[in-house]
Amino acid sequence: MIRTIYRNSKGNSTTDVPAAHWKVALHDSGGLLWVDFADEPRERVEKLLTDVFNFHPLAIDDALQQAHVPKVDDWGEYVYIVVHGLSFDEKGYELGTHEIDAFLGKNFLVTHHKNPFLSADHVWNTCQRDPRYLARGADYLLYHILDTLAADFMPVVDKMDDAIDRLEDDVFASTDRTVLNRIFSIKRAVLHLRRIIIPQREVMNRLARDTYAVVDPSERIYFRDVYDHFVRLSDINDTLRDLISGTLDTYLSVTANRTNDVMKVLTILTALFMPLTFFTGFFGMNFETLPFGSAAFFVAMMTLMISIPFLLWRWFKRQGWID
């Protein structure tokens, strides 16, 4: 699907602009053209990006591969940006990422994504209701998308926080293998979240501080606001990482304590049956039928049974096993 919205230099807005008219819109220096490619065939997207916008083949190839970390590349007349949106599966504890590629020019914005992108949809609907968002220029439109994207991170982070809270409760209720698997699953999700937030934070930092021909200096402060959002998200991610590490430590501690309780029970049972074992073994010996004479053999066995525990106690003491 291809969506287009165009605001000309006179302030009039229209949607669903045919591809044949895109070049005319691009020549309107005071206008703004936003083209959004959503799960469109690669061949068609590549042809339009090459023939109409004259983007560099390397930038086009990066946009169509959908396998890049967040980044920003300056191509002079336009800037190529990669950012990611998030989704979180609360049942499988898996973090999903949705890449969106954007080409920002002086009077145009081109976005490309394979999966539905809520941030782009929200801004699209907002622009249709209030065309004044288009009057601020392409750089402000990109800021509006990135700001909405940063806001959409918070519900995902809240879901992950709630999942960790439930895991902490489950650790004390049960220590079976499924709880451990869930801990490692959410831990992988937190690490994945960090691998997205950190480079995306740097993208916002570069947009806020570096000089780009297509970004008005007065608009950089807005990107700095998005950068502040991702700094806060980075801090929250560090907190989540500490929480899940603490949950894993708690799981190991609870497991060790339950193992100690089991060993305590077994030790008590052994101690209870030890006198019975001694008496049944001792009085079960038939000294009359044993060789070497019953009296001498009785004395030898008594001496051996008394000396062996004493020698073992001395050896344990020497090894430092008994204080």
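The structure contained in this document is the topic of the report that follows. What you see is a predicted model; the values in this text were computed from it and never measured.

## Some thoughts on the overall build of the protein
Turning to step 1, where the next piece is worked out: When helices and strands are tallied, the protein shows nine helices and seven strands.
Turning to step 2, where the next piece is worked out: For the protein, restricting intrachain contacts to residue pairs at least 6 apart in sequence, the fraction spanning at least 24 positions comes to 64%.
Turning to step 3, where the next piece is worked out: Summed over its atoms, the accessible surface of the protein is roughly 17,900 Å², and 58% of this surface lies on carbon and sulfur atoms.

## Some details on the packing of helix 6 (residues 138-173) against helix 7 (residues 177-209)
Turning to step 1, where the next piece is worked out: Look at helix 6 against helix 7: their axes get within 11 Å of each other, and the N-to-C directions meet at 160°. In terms of orientation, helix 6 and helix 7 fall into the roughly antiparallel class. By crossing handedness, the relation of helix 6 to helix 7 is classed as left-handed. Of helix 7, the residues touching helix 6 (which contributes Leu 146, Leu 149, Phe 153, Val 157, Met 160, Ala 163, Ile 164, Leu 167, Asp 170 and Val 171) are Val 179, Arg 182, Ile 183, Ile 186, Ala 189, Val 190, Leu 193, Ile 196, Ile 197, Gln 200, Met 204 and Leu 207.

## Examining the packing of helix 2 (residues 42-51) against helix 3 (residues 57-65)
Turning to step 1, where the next piece is worked out: At a minimum axis separation of 11 Å, helix 2 and helix 3 run at an interaxial angle of 150°. Comparing the axis directions of helix 2 and helix 3 gives the class roughly antiparallel. Read as a crossing pair, helix 2 and helix 3 show a hand that is right-handed. Across from Arg 42, Val 45, Glu 46, Leu 49 and Thr 50 in helix 2, the residues of helix 3 making contact are Ile 60, Asp 61, Leu 64 and Gln 65.
Turning to step 2, where the next piece is worked out: For the contact of helix 2 with helix 3, the per-class residue count stands at four nonpolar, two polar and three charged.

## Quick word on the packing of aromatic side chains
Turning to step 1, where the next piece is worked out: Considering all chains together, one arrives at 15 aromatic pairs under this definition.
Turning to step 2, where the next piece is worked out: When the centroid spacing of 4.6 Å and the interplanar angle of 55° are considered together, the rings of Phe 55 and Tyr 78 count as tilted. Remark: Tyr 78 occurs in strand 5 (residues 78-89) and Phe 55 occurs in the loop between helix 2 and helix 3; sequence separation between them is 23 residues.
Turning to step 3, where the next piece is worked out: Judged by relative accessible area, which is 4%, Phe 55 ranks as buried.
Turning to step 4, where the next piece is worked out: Accessibility expressed as a relative area gives 7% for Tyr 78, which makes it buried.
Turning to step 5, where the next piece is worked out: Centre to centre, the rings of Tyr 143 and Tyr 222 are 5.1 Å apart; their planes meet at 45°, and the pair counts as tilted. Taken together, the positions of Tyr 143 in helix 6 and Tyr 222 in helix 8 (residues 220-283) put the pair 79 residues apart, joining distant regions of the chain.
Turning to step 6, where the next piece is worked out: The partly exposed category is assigned to Tyr 222, whose relative accessible area is 27%.
Turning to step 7, where the next piece is worked out: Pairwise contacts between aromatic rings join Trp 22, Phe 37, Phe 53, Phe 55, Trp 75, Tyr 78, Tyr 80, Phe 103 and Phe 108 into one cluster.

## Side note on the sheet that holds strand 3 (residues 32-38)
Turning to step 1, where the next piece is worked out: Within the open sheet, the seven strands sit side by side as 2-1-3-7-6-5-4. Their pairing is mixed. Because the sheet does not close on itself, it has two edges, and the strands there are strand 2 (13-15) and strand 4 (71-74). For this sheet the average axis-to-axis angle between neighbouring strands, irrespective of direction, equals 15°.
Turning to step 2, where the next piece is worked out: Of the strands in this sheet, strand 3, strand 5, strand 6 (94-105) and strand 7 (108-113) are in contact with helix 6, which crosses strand 5 at around 25°.
Turning to step 3, where the next piece is worked out: Along the sheet, helix 7 contacts strand 4, strand 5 and strand 6; its crossing angle with strand 5, the most-contacted strand, is approximately 155°.

## Structural notes on helix 2
Turning to step 1, where the next piece is worked out: The complete set of buried residues in helix 2 reads Val 45, Leu 48 and Leu 49. Down the axis of helix 2, the smallest arc covering the buried residues is 95°, so these residues share one side. Exposed residues on helix 2 whose side chains face more than 90 degrees from its buried face are Glu 43 and Lys 47.
Turning to step 2, where the next piece is worked out: Tucked inside the fold, the buried residues of helix 2 contact strand 1 (2-7), helix 1 (22-26), strand 3, helix 3, strand 6 and strand 7.

## Here's the deal with the environment of Ile 2
Turning to step 1, where the next piece is worked out: Within the secondary structure layout, Ile 2 lies in strand 1.
Turning to step 2, where the next piece is worked out: Along the chain, Ile 2 and Ala 19 lie 17 residues apart, while their C-alpha atoms are 9.5 Å from each other.
Turning to step 3, where the next piece is worked out: In this structure Ile 2 touches Trp 22, Val 35, Asp 36, Phe 37, Glu 40, Arg 44 and Leu 48, once residues within four positions along its chain are discounted.

Procedures and definitions
Each chain has its residues counted from 1, running along the sequence as written. Note on the predicted model: pLDDT of at least 70 is required for a residue's local features to be given, and 80 or more for side-chain atom pairs to be given and counted; whole-chain, interface and lining totals, by contrast, use all residues. With hydrogens and water stripped out, all remaining heavy atoms of the structure feed into the side-chain values. Under the scheme used here, helices are H or I runs from DSSP no shorter than 4 residues and strands are E runs no shorter than 2 residues, and both carry numbers assigned from the N terminus. Should any heavy atoms of two residues lie within 4.5 Å, those residues are considered in contact. Using a 1.4 Å probe, accessible areas were evaluated by the Shrake-Rupley method; residue-level cover was limited to the displayed protein chains. For helices, the fitted line uses only the C-alpha atoms of the stretch in contact; every axis is such a line through C-alpha atoms, and the angle between N-to-C directions lies from 0 to 180 degrees. Here the word oblique covers every angle except those under 35 degrees (roughly parallel), over 145 (roughly antiparallel) and from 65 to 115 (roughly perpendicular). Left-handed describes a crossing whose near helix is turned anticlockwise from the far helix by less than a right angle; the clockwise case is right-handed. Under this grouping Gly is polar, as are all residues other than the nonpolar Ala, Val, Leu, Ile, Met, Phe, Trp, Tyr, Cys and Pro and the charged Asp, Glu, Lys and Arg. Side-chain rings of Phe, Tyr and Trp, where Trp is taken by its six-membered ring, are said to pair if the distance between their centres is within 6.5 Å; with planes under 30 degrees apart they count as stacked, over 60 as edge-to-face, and otherwise as tilted. Relative accessibility thresholds used throughout: buried, under 20% of the residue-type maximum; exposed, over 50%; partly exposed, between the two (1.4 Å probe, protein chains only). Here, any two strands with at least 2 DSSP bridges between them count as paired. For this quantity, the arc is that covered by the directions from the helix axis to the C-beta atoms.

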